[in-house]
Amino acid sequence: MGVRVAVVGAGIGGLVLAAGLQRDGHDVRVHERRADAGALGAGLTLSGNAFAALDAIGLGERVRAVTGAGVAGLRAGQRRPSGRWMTTLPPAAVASLRSVHRADLHRALLDALRDGTLRTGAAASVSPDGAPVLRTPGGAEEFDLVVAADGLRSSSRSALGLDTGLRRAGYLAWRGVTAGALDVGGQAGETWGRGQRFGVVPLPDGRVYWFATAAAPPGPADGAADDLDALRERFGTWHDPVPACLAATPPGAVLRHDVHDLRRPLRSFVVDRTVLLGDAAHAMTPDLGQGAGQAIEDAATLVVLLRGARGGGDLRPALARYDRDRRRRTSRVARRSRSVGAVGQLAHPLAVAVRDAALSATPGPVLARAAEPLQRWAPPRPAG
Ligand SMILES: Cc1cc2nc3c(=O)[nH]c(=O)nc-3n(C[C@H](O)[C@H](O)[C@H](O)COP(=O)(O)OP(=O)(O)OC[C@H]3O[C@@H](n4cnc5c(N)ncnc54)[C@H](O)[C@@H]3O)c2cc1C
């Protein structure tokens with residue numbers, strides 16, 4: 001008999017973990033506090049590292065079936081608001097990048113779970129001492145392992161005494177998807193202006209996922225916001241297809257988030273037999289498009305390390321290895337993501353001129369080489 005695992009949170013990290021563990025014969029239960037475990041609608045990009053991790057646990061083909069080529073085959077890189085290119089990435093650098101609508105990814109992952117795995121509509125809480133006991137309104141239940149994948153504002157992280165606090169990145173991010181197919185003219189990627197950015201990524205069905213950032217007051221709350229008029233004011237004079245993306249997005253379909261990451265990396269992802277995973281462990285800014293990718297790497301690492309483990313067995317070597325490997329990798333990615341965001345959000349005209357000149361002078365292959373370690377992942381060898 002495999003390990004009995006409770007997962008808190010049916011986000012991308014929790015679902016990949018649960019599906020991967022089940023394929024290996026473990027007994028998994030997922031608790032999601034929302035009544036509907038589907039995702040809010042916007043896009044997502046996944047790089048080669050995420051697919052290497054999904055392949056290692058037998059989920060790669062299922063996810064590839066709902067993803068599209070992203071920006072592969074298009075001219076991609078960074079532009080100025082006028083549309084002038086600063087950098088063009090070599091095709092090989094974006095070949096492994098794929099795009100997906102979040103709702104489609106969630107559905108594909110939910111479909112991978114056995115019937116009865118998911119319990120929705122009630123929050124679950126972990127034991128503060130890390131004992132593998134999960135509390136829900138239905139009572140307390142003991143497992144072999146509890147994995148908290150409960151996101152950016154993880155209550156598990158604080159219950160375990162690991163929280164270092166969230167910090168604002170200093171900008172808001174808006175995301176939307178056009179109502180129908182939109183021609184991006186063979187060009188995609190990001191456009192960097194003064195203190196604001198806009199990104200364009202085609203989805204598999206021809207609709208376009210777009211994102212925008214700007215330093216602005218957070219507003220009443222994160223989440224859905226009808227900010228289209230304000231966005232048109234900010235980005236309406238930018239090059240095609242930026243205004244077209246906004247024009248093709250239905251009112252009320254824009255998501256807005258005040259971007260945060262963790263103030264400092266956590267000192268541990270593991271307390272006894274309770275493990276943190278995904279944003280709960282290493283919330284990072286979205287500037288490298290790696291938050292979900294890192295959650296997927298976490299999940300695959302844990303699945304691989306638990307291969308052959310039995311209920312009641314000693315999980316400590318596997319959990320120690322998970323803790324060490326994942327903290328090292330994710331702290332680097334989070335640091336780099338924040339730095340890229342800081343450069344992307346520069347607003348002073350002089351700083352922007354220097355940034356743009358430096359970007360324009362850097363050959364695409366050099367930028368691609370710098371991104372290469374991010375897009376690579378290899379499974380750990382199972383703990384002995
Ligand atoms: C603007 C923006 C753009 C992004 N773009 C990308 C991108 O292109 N590529 C990429 O890889 N990443 C991207 N990310 C990051 C990515 O969205 C996250 O890193 C990823 O979704 C985290 O997944 P998760 O499973 O750890 O957490 P979440 O997706 O937050 O899931 C946590 C789940 O836990 C549930 N939950 C919380 N508390 C409890 C509880 N007590 N009991 C039960 N359930 C609970 C929540 O309801 C939720 O369903 C982006 C993020 C932002 C903000």
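Everything numeric here is computed off the predicted structure, so don't read it as measured data. (Residues numbered from 1 in each chain as written. Predicted model: local features only at pLDDT ≥ 70, side-chain atom pairs only at ≥ 80, totals over all residues. Heavy atoms only, no water.)

Caption draft 1: Structural detail: the nonpolar core. Ranked by size, the top nonpolar core spans 66 residues in total, and within it V16, L17, L46, L145 and L302 carry the most contacts. It is helix 10 (residues 291-305) that contributes the most residues to this core, 8 residues altogether. Discounting residues that sit within four places of it in the chain, L302 has contacts with L17, V147, V275, L277, L319 and Y322. If you look at the next biggest cluster of nonpolar residues, it comprises 18 residues, including F198, A212, L231 and L246. (Core = buried A, V, L, I, M, F, W, Y, C linked by side-chain atoms within 4.5 Å. Buried < 20%, exposed > 50% of the residue type's maximum accessible area, 1.4 Å probe, protein only. Helix = DSSP H or I, 4+ residues; strand = E, 2+ residues; numbered from the N terminus. Contact = heavy atoms within 4.5 Å.)

Caption draft 2: Layout of the sheet that holds strand 7 (residues 118-120). The sheet built from 6 strands is open, its strands ordered 7-2-1-10-18-17 with mixed pairing. The outermost strands of the open sheet, each flanked by one partner alone, are strand 7 and strand 17 (270-271). (Pairing = 2+ DSSP bridges.)

Caption draft 3: Structural view of the packing of aromatic side chains. Taken as a whole, this structure holds 4 aromatic pairs when the rule is applied. Through successive ring pairs, a cluster of aromatic residues spans F198, W210, F235 and W238. Residue placement shows R197 over the ring face of Y171; its charged tip is 5.2 Å from the ring centre. (Phe/Tyr/Trp six-rings, centres within 6.5 Å; stacked < 30°, edge-to-face > 60°. Lys NZ or Arg CZ within 6 Å of the ring centre and 35° of its normal.)

Caption draft 4: The arrangement of the pairing of strand 1 (residues 4-8) in detail. Of all the 5 residues making up strand 1, 4 are buried; the element is thus mostly covered by neighbouring parts of the structure. Sheet topology places strand 1 next to strand 2 (residues 27-32); 5 bridges connect them, and they run parallel. Across the sheet, A6 pairs through a bridge with R29, a residue of strand 2. The parallel pair strand 1 and strand 2, bridged by helix 1 (residues 12-23), forms a crossover whose chirality is right-handed. Sheet topology note: the strand 1/strand 10 (residues 145-148) ladder contains 4 bridges and is parallel. (Right-handed = clockwise from strand over helix to strand, strands pointing away.)

Caption draft 5: Quick peek at the site of the ligand. The environment of the ligand is made up of 28 residues, and the closest members are G13, E32, R102, D279 and A292. Within the contact set of the ligand, an oxygen atom lies 2.6 Å away from a side-chain nitrogen or oxygen of E32. Here R102 contributes a side-chain N or O atom positioned 2.8 Å from an oxygen atom of the ligand. For the ligand, the protein covers 87% of the area, taking 1000 Å² as the surface of the free molecule. Contributions of two or more residues to the shell around the ligand are made by helix 1, strand 2, strand 3 (43-46), strand 11 (166-177) and helix 10. For the shell around the ligand, the leading source of residues is helix 10, giving 3 residues. For the shell around the ligand, the residue count by class is 9 nonpolar, 12 polar and 7 charged. (Near = heavy atom within 4 Å. Polar contact = N/O pair within 3.5 Å; in protein donor to acceptor, adjacent residues only side chain to side chain. Areas by Shrake-Rupley, 256 points an atom, 1.4 Å probe, with all protein chains shown as cover. Nonpolar A, V, L, I, M, F, W, Y, C, P; charged D, E, K, R; others polar.)

Caption draft 6: Structural context of the packing of helix 2 (residues 48-56) against helix 10. At a minimum axis distance of 9 Å, the contact between helix 2 and helix 10 shows a crossing angle of 25 degrees. Judged by the inter-axis angle, helix 2 sits roughly parallel to helix 10. In this structure, helix 2 crosses over helix 10, and the sense of that crossing is left-handed. From helix 2, N49, A50, A53 and L54 reach across to helix 10, where they touch G293, Q294, I296, E297 and A300. Among the residues making up the contact of helix 2 with helix 10, the classes are represented as 5 nonpolar, 3 polar and 1 charged. (Axes fitted to C-alpha atoms, helices over the stretch in contact; angles between N-to-C directions. Parallel < 35°, antiparallel > 145°, perpendicular 65-115°, else oblique. Left-handed = near helix turned anticlockwise from the far one by under 90°.)

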